[in-house]
Amino acid sequence: MSNIQLTVDELNKLKPIDIITSEAVRSRFIQIYDTLWGVGTGLPAYEKESVYFNAILRDKEKLQKATNFSIFTSFIDLAVCGLSLEPGVRALCYLQGRNFCVGQDGSGRKLYEGRLVLTISGYGELVLRARSGQIRHADNPVLVYEEDGFSFTDQGGQKQVSYTLNLPHKSNHIVAAYLRITRCDGSIDYAVMLEEDWLRLKGYSEENNKYFDREKNQWVKQANELYVSNDGGIDTGFLCAKLIKHAFKTYPKVRIGKAELESQQSDEGQADIEAFYNVCGQQPAEVPAVSPARETAYGNQPDMSAGVTVDPAADADDGTF
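Residues numbered from 1 in each chain as written. Predicted model: local features only at pLDDT ≥ 70, side-chain atom pairs only at ≥ 80, totals over all residues. Heavy atoms only, no water.

Relative orientation of the contacting elements helix α2 (residues 23-37) and helix α4 (residues 68-81) amounts to 20 degrees, with a least axis distance of 8 Å. The angle between the axes of α2 and α4 places the two elements in the roughly parallel class. Where α2 crosses over α4, the handedness of that crossing is right-handed. Residues V25, R28, F29, I32, Y33, L36 and W37 of α2 form the contact with α4, whose own contacting residues are F72, F75, I76, L78, A79, V80 and C81. Of the residues assigned to the contact of α2 with α4, the class counts are 13 nonpolar, no polar and one charged. (Axes fitted to C-alpha atoms, helices over the stretch in contact; angles between N-to-C directions. Helix = DSSP H or I, 4+ residues; strand = E, 2+ residues; numbered from the N terminus. Parallel < 35°, antiparallel > 145°, perpendicular 65-115°, else oblique. Left-handed = near helix turned anticlockwise from the far one by under 90°. Contact = heavy atoms within 4.5 Å. Nonpolar A, V, L, I, M, F, W, Y, C, P; charged D, E, K, R; others polar.)

The following block contains the structure:
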């Protein structure tokens with residue numbers, strides 16, 4: 001294991017756009033990727049992901065306001081998760097600017113710090129859970145319209161969905177959505193969302209995005225436009241992403257480093273995962289050896305051939321920038 005030295009001071013001297021291309025960060029990424037995913041896999045992964053990463057920073061200049069350390073950890077999280085920032089309708093993960101409260105000033109006003117966070121989409125989570133052996137496969141989400149036949153039962157923990165497609169869908173009114181998941185033991189699980197569920201989420205979105213209109217002298221609530229962009233109803237792609245996002249809330253956690261899952265935020269194993277970042281406050285230190293913990297694929301991988309647009313800024317907890 002080679003010695004790779006890096007300090008916070010060294011990171012802070014770099015421009016945000018130069019962090020990923022620095023030799024120390026390049027070597028750290030390749031070392032971790034080789035350790036977790038197989039010798040020789042780190043270099044091609046770095047060459048691809050560094051291009052995607054910096055292209056996003058250049059395209060979205062606001063993300064460059066994040067701390068240099070958070071830019072570094074977000075890039076390293078790509079190596080920890082083994083996912084890709086490759087853009088597309090089924091993006092596995094994306095970069096998100098988040099505002100974190102870091103204290104208060106003398107008058108009690110909250111002080112915020114911008115940080116970059118690697119956020120794993122529902123589709124990326126499907127890959128992680130299939131890779132870790134939690135599931136074999138997840139079918140494409142199914143949207144249920146007002147004209148269709150649909151019922152959902154849960155008897156003794158055995159979930160069953162009955163669905164009948166009735167065409168044409170003249171109303172364009174979606175009343176439910178479900179996802180069929182095949183567990184690693186061959187059993188079937190269903191994730192179901194009803195219209196009342198996303199209307200509740202819409203209410204949360206209105207609260208999170210409300211602003212004060214000085215001209216009207218009143219608060220204005222405004223939900224994410226994707227809740228009403230489909231002739232007044234929820235966008236179909238947005239709904240599919242929400243369904244996947246909420247399907248795994250009760251499943252065991254997976255290794256994601258400091259990244260965030262759309263479905264849940266995990267801090268399990270953070271004490272052990274710190275060795276991956278190992279950036280010192282003042283003096284450089286040697287990167288400790290990391291025991292290989294490579295996960296192997298189990299069963300069929302989720303179909304990634306077509307899909308929907310994932311909204312990266314939806315329902316942020318601390319605000320985005």
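Okay, the sheet that holds strand β2 (residues 110-120) next. Reading across the sheet, the three strands line up as β1-β2-β11 and stay open at both edges, with mixed pairing between neighbours. Edge positions in the sheet fall to β1 (93-104) and β11 (260-261), since each has one partner strand and no second. Bridge count between β1 and β2: eleven bridges; the pairing is antiparallel. In the sheet register, Q104 faces β2, and the bridge partner there is K110. Most of the contacts of α4 go to β2, to which it runs at about 20 degrees, and overall it touches β1 and β2. Here helix α5 (residues 122-131) sits on the sheet in contact with β2 and β11, set at roughly 55 degrees to β2. (Pairing = 2+ DSSP bridges.)

Of all residues in the chain, 79% have pLDDT values of 70 or greater, and the mean over the chain is 79. Ranking the elements of the chain by mean pLDDT puts helix α8 (residues 270-273) last, at 37, and strand β4 (residues 142-145) first, at 96. Scored below 50 in pLDDT, residues 265-276 makes 19 contacts in the model with residues more than four places away or belonging to other chains. Every residue in residues 281-318 is under pLDDT 50, and counting partners more than four places away or in other chains gives 109 contacts. (pLDDT = per-residue confidence, 0-100.)

For α5, the buried fraction is high: ten of the ten residues fall into the buried class. Among the residues of α5, those classed as buried are G122, Y123, G124, E125, L126, V127, L128, R129, A130 and R131. Its buried side turned inward, α5 meets α2, α4, β2, β3 (135-138), α7 (236-247) and β11. Phi turns positive one or two residues past the end of α5, at G133, with a value near 90 degrees. (Buried < 20%, exposed > 50% of the residue type's maximum accessible area, 1.4 Å probe, protein only.)

Here we come to the packing of aromatic side chains. Considering all chains together, one arrives at eleven aromatic pairs under this definition. Centre to centre, the rings of F69 and F72 are 6.2 Å apart; their planes meet at 40 degrees, and the pair counts as tilted. Of the two residues, F69 and F72 are both situated in helix α4; the distance of three residues between them amounts to about one turn of the helix. Overall, the relative accessible area of 32% leaves F69 in the partly exposed class. (Phe/Tyr/Trp six-rings, centres within 6.5 Å; stacked < 30°, edge-to-face > 60°.)

Before going further, it helps to spend a moment on the nonpolar core. In this structure, F29, F53 and I120 are the most contacted members of the largest nonpolar core, which totals 67 residues. Ranked by the residues each element gives to this core, the list is headed by α4, at eight residues. Once residues lying within four places of it in the same chain are set aside, the contact partners of F29 are G42, A45, Y46, E49, F75, I76, L78 and A79. If you look at the next biggest cluster of nonpolar residues, it comprises five residues, including V144, A176, Y178 and Y190. (Core = buried A, V, L, I, M, F, W, Y, C linked by side-chain atoms within 4.5 Å.)

Turning our attention to unusual backbone geometry. As a rule of thumb, non-glycine residues mostly have phi less than zero, and peptide bonds are mostly trans rather than cis. In this model, L167 is joined to P168 through a cis peptide bond whose omega is 0 degrees. Position of P168 among the secondary structure elements: in the loop between β6 (158-164) and β7 (174-183). Phi is positive for N172, close to 60 degrees, though the residue is something other than glycine. For N172, a relative accessible area of 29% corresponds to the partly exposed category. In this model, N217 sits at a positive phi of 55 degrees, which is unusual for a non-glycine residue. Residue placement: N217 occurs in the loop between β9 (211-213) and β10 (218-220). Exposure remark for N217: the relative accessible area of 59% places this residue in the exposed category.

Our focus in this paragraph is the pattern of salt bridges. Under the counting rule described, the total for this entry stands at nine salt bridges. The salt bridge partner of D139 is R180, with a shortest N-O separation of 3.8 Å. Here D139, found in the loop between β3 and β4, pairs with R180, found in strand β7; they are 41 residues apart in sequence, far enough to count as distant. Residue class for R180 comes out partly exposed when judged on its relative accessible area of 31%. A cluster of three or more residues bridged by salt bridges with shared partners is formed by K159, R183 and D189. (Salt bridge = Lys/Arg side-chain N within 4 Å of Asp/Glu carboxyl O.)

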